[in-house]
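Coordinate inspection notes
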Amino acid sequence: MNIFSNLLPQATQPGTSKKQRRGIEIKSPREIEIMRQSATIVATVLKEISELVKPGMTTADLDAYAEKRIREMGATPSFKGYHGFPGSICSSINNEAVHGIPSPKKVIRVGDVLKVDTGAYYQGFHGDSCISIAVGEVTQEAAKLICVAEEALYKGIEQVKAGAYLLDLAGAIEDHVKVNGFSIVEEFTGHGVGRNLHEEPSVFNYRTREMPNVKLRAGMTLAIEPILNAGSRHTRTLSDRWTAVTVDNSLSAQFEHTVLVTETGYEILTDRSKV
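Residues numbered from 1 in each chain as written. Predicted model: local features only at pLDDT ≥ 70, side-chain atom pairs only at ≥ 80, totals over all residues. Heavy atoms only, no water.

Under the convention used in this document: UniProt positions are given in the numbering used here, feature names are shortened, and annotations may be inferred rather than shown by experiment.
For the protein chain, an unreviewed UniProt entry supplies the name Methionine aminopeptidase and the organism Nostoc flagelliforme FACHB-838. Quoted straight from UniProt, the Function (unreviewed entry) entry for the protein chain says "Removes the N-terminal methionine from nascent proteins. The N-terminal methionine is often cleaved when the second residue in the primary sequence is small and uncharged (Met-Ala-, Cys, Gly, Pro, Ser, Thr, or Val). Requires deformylation of the N(alpha)-formylated initiator methionine before it can be hydrolyzed." Per UniProt, the protein chain carries the Subunit (unreviewed entry) text "Monomer."

1. Some thoughts on the UniProt feature "binding site: a divalent metal cation 1" (unreviewed entry) in the protein chain
Note the following rule: Helix and strand assignments come from DSSP, with helices taken as H or I runs of at least 4 residues and strands as E runs of at least 2, each series counted from the N terminus. Within 3.5 Å is the distance limit for a polar contact, defined as a pair of N or O atoms, with the added protein rule that one can donate a hydrogen and the other accept it, and that residues adjacent in sequence qualify only through two side-chain atoms. Categorising residues by exposure relies on relative accessible area from a 1.4 Å probe, with only protein chains included: less than 20% of the type maximum marks a residue as buried, more than 50% marks it as exposed, and the intermediate range marks it as partly exposed. The contact criterion used is simple: two residues touch if any of their non-hydrogen atoms lie within 4.5 Å.
Summarizing the sequence annotation, UniProt attributes the feature "binding site: a divalent metal cation 1" (unreviewed entry) to Asp117, Asp128 and Glu256 in the numbering used throughout. A compact arrangement is adopted by the annotated residues: their sequence extent is 140 residues, whereas the largest C-alpha distance between any two is 8.1 Å. For Asp128, the position within the fold is in strand 5 (residues 125-134). A distance of 3.3 Å separates the side chain of Asp128 from the side chain of His191, its partner in a polar contact. Inspection of the secondary structure assignment puts Glu256 in the loop between strand 13 (252-254) and strand 14 (257-261). The buried category is assigned to Glu256, whose relative accessible area is 0%. Non-local contacts of Glu256, meaning those with residues more than four positions away in its chain, are made with Met1, Asp117, Asp128, Ser129, Cys130, Leu153, His191, Ala223, Ile224 and Glu225.

2. Quick look at the packing of aromatic side chains
What describes a pair of aromatic rings is the distance from one ring centre to the other and the angle between the planes of the rings. We count it as follows: For Phe, Tyr and Trp, where Trp contributes only its six-membered ring, two rings pair if their centres lie within 6.5 Å, and the inter-plane angle classes them as stacked under 30 degrees, edge-to-face over 60, or tilted in between.
Scanning all chains against the criterion turns up 2 aromatic pairs. Ring centres of Phe85 and Trp242 lie 5.0 Å apart, and the angle between their planes is 80 degrees; this geometry places the pair in the edge-to-face category. In this pair, Phe85 is assigned in the loop between strand 1 (76-77) and strand 2 (89-93) and Trp242 in the loop between strand 11 (235-237) and strand 12 (244-246), connecting sequence segments 157 residues apart. Exposure remark for Phe85: the relative accessible area of 1% places this residue in the buried category. Among the residues examined, Trp242 registers a relative accessible area of 18% and is labelled buried. Measuring from ring centre to ring centre gives 5.3 Å for Phe204 and Tyr206, while their planes differ by 80 degrees; the resulting arrangement is edge-to-face.

Next comes the structure, spelled out in structure tokens:
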């Protein structure tokens, strides 16, 4: 789930008013083990959704399924009630870049680019991940956009290790996106994740001097999440105050993983290939 930078001081659990602690948190081995479990729940739900989604379903159908599965595995949906968000998933279709609200009126159709983002809160810690799904046969442009978005995420993750810097991964993402002719949405960023759904630091997907170039340390847990548009990088937020759409109606795609920084590299906690 993406955030505006001014939303970093957040509630720890959906529906609570407790403020998060300031600064970047380094997780202990015990905390990391719990995060592996919360992240595995997220990975499981997204893998299952990717396999069951089909034309004719609604995004409300997917939301109900995600909430049911998250709760069956002993966790709480991270998103539901978060700043008033009504769903357990964000479901964004085609020109909806992020934060789409699940609805029984939103029918999934052949050719859609569907983004499903979800989180699970388990024993005090959150996992967070997003996938983009090609529904049936999609256009060549849509297929390329989805592919490049996923590749860009992994280009960024490959830069992660203790001693590296946030702009190392941001630059790797930016370079891959630009060489493929797409744009990066700049209004939203990745973020730290752990006891709180959104923690420091902000994780940019492009080079910038607007935020400190944080040096990575083992034990940091980051939600890395590039959002790519086929056209303009700019978005606008609809009257529902959540759904961000591309200003030129172009397609958008997004991928996200919760990643642990290690001394020698990284561990993808929300790796769907392991569930």
